[in-house]
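The primary structure of each chain is shown beneath.
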Amino acid sequence: MELNLNMAAILVAVVVNFFIGFIWYTPLFGKAWGKEMGYDPTNKPDTKVMVKGMIFMVIGNFFFAWVLAHNIAAWQFVPGVPEMGVLNNAISSAFFIWLGFYFPGHLGATVWEQKSWKLFGIDAGYSLVSLVVVSLILTYWK
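Calculation rules
- Note on numbering: residues in each chain are counted from 1, in written sequence order.
- Local features in this predicted model are restricted to residues of pLDDT 70 or higher, and side-chain atom pairs are both shown and tallied only at a pLDDT of 80 or more, whereas totals for entire chains, interfaces and linings draw on every residue.
- Think of the side-chain values as coming from all heavy atoms in the structure, minus any hydrogens and water.
- Elements are defined by DSSP. Helices are runs of H or I of four residues or more, strands are runs of E of two residues or more, and each kind is numbered from the N terminus.
- Any residue under 20% of the maximum accessible area for its type is buried, any over 50% is exposed, and the rest in between are partly exposed; the area is computed with a 1.4 Å probe on protein chains only.
- Note on contacts: a residue pair is in contact if any heavy atoms of the two residues lie within 4.5 Å.
- In protein, a polar contact means a hydrogen-donor-capable atom and an acceptor-capable atom, both N or O and within 3.5 Å, with residues adjacent in sequence counting only if both atoms are side-chain atoms; elsewhere, any N or O pair within 3.5 Å suffices.
- Every angle, taken between N-to-C directions, lies between 0 and 180 degrees, and every axis is a line fitted to C-alpha atoms, over only the stretch in contact when it is a helix.
- The labels follow the angle: roughly parallel below 35 degrees, roughly antiparallel above 145, roughly perpendicular from 65 to 115, and oblique for the rest.
- Two helices that cross are described as forming a left-handed crossing if the nearer one is turned anticlockwise from the farther one by less than a right angle, and a right-handed crossing if clockwise.
- Three categories are distinguished: nonpolar for Ala, Val, Leu, Ile, Met, Phe, Trp, Tyr, Cys and Pro, charged for Asp, Glu, Lys and Arg, and polar for the others, with Gly belonging to the last.

Engineer: I would appreciate a short explanation of the environment of Glu36 in the present structure.
Structural biologist: For Glu36, the location among the structural elements is in helix H2 (residues 30-37). The partly exposed category is assigned to Glu36, whose relative accessible area is 27%. Considering only alpha carbons, one finds Glu36 and Trp117, 81 residues apart in sequence, at a separation of 9.3 Å. Non-local contacts of Glu36, meaning those with residues more than four positions away in its chain, are made with Ser116, Lys118 and Leu119. In this structure the side chain of Glu36 is engaged in a polar contact, spanning 2.5 Å, whose partner is the side chain of Ser116.

Engineer: What should I look at first to understand the packing of H2 against helix H5 (residues 117-140) in this one?
Structural biologist: Two measures define how a pair of helices packs: the angle their axes make with one another and the distance between the axes. Taken N-terminus to C-terminus, the directions of H2 and H5 make an angle of 130 degrees; their axes are 9 Å apart at the nearest point. The angle between the axes of H2 and H5 places the two elements in the oblique class. Considering how the two elements wind past one another, H2 and H5 form a crossing that is left-handed. Where H2 approaches H5, its residues Ala32, Trp33, Glu36 and Met37 are matched on the opposing element by Lys118, Leu119, Ile122 and Asp123. Across the contact of H2 with H5, the residue classes break down as 5 nonpolar, no polar and 3 charged.

Engineer: Help me understand the packing of helix H1 (residues 7-28) against helix H3 (residues 47-75), please; the structure alone is not making it clear to me.
Structural biologist: Where H1 contacts H3, the two axes come as close as 9 Å, and the packing angle between them is 130 degrees. In terms of their interaxial angle, H1 and H3 are classed as oblique. For the crossing formed where H1 meets H3, the hand is right-handed. Touching Met7, Ile10, Leu11, Ala13, Val14, Asn17, Phe18 and Gly21 of H1 are Met54, Met57, Val58, Asn61, Phe62, Phe64, Ala65, Trp66 and Ala69, all from H3.

None of this, on its own, says anything about what the molecule does.
See below:
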């Protein structure tokens, strides 16, 4: 058994996920997220800090897409999974990874770190959207 991974799809997913994060945390929910995090909207971050954050985000996005590609490929060996169809595989992969790994983490952070439920919605929503889009790229582009 061999896992077939499409590196071009993984790299495109990295770039797309970077832009999803930019759109999600800038024009869509940037002000609300900043307020919930307690950031001063008049204080602009240092350019070096921004560049470093973007570099680490791209690295993280690569591992995210690469591991998700492995997960999706591995499930293709389970009887019945290939017959579910590409869309069902993508949505199922994204949702169950989100439900099992991201949702509990966001939930725990919200309660233990006393973060707001609004922040929970913004962050958990981003995780779900990101997983769905990247899963769609990785499953449709074989």
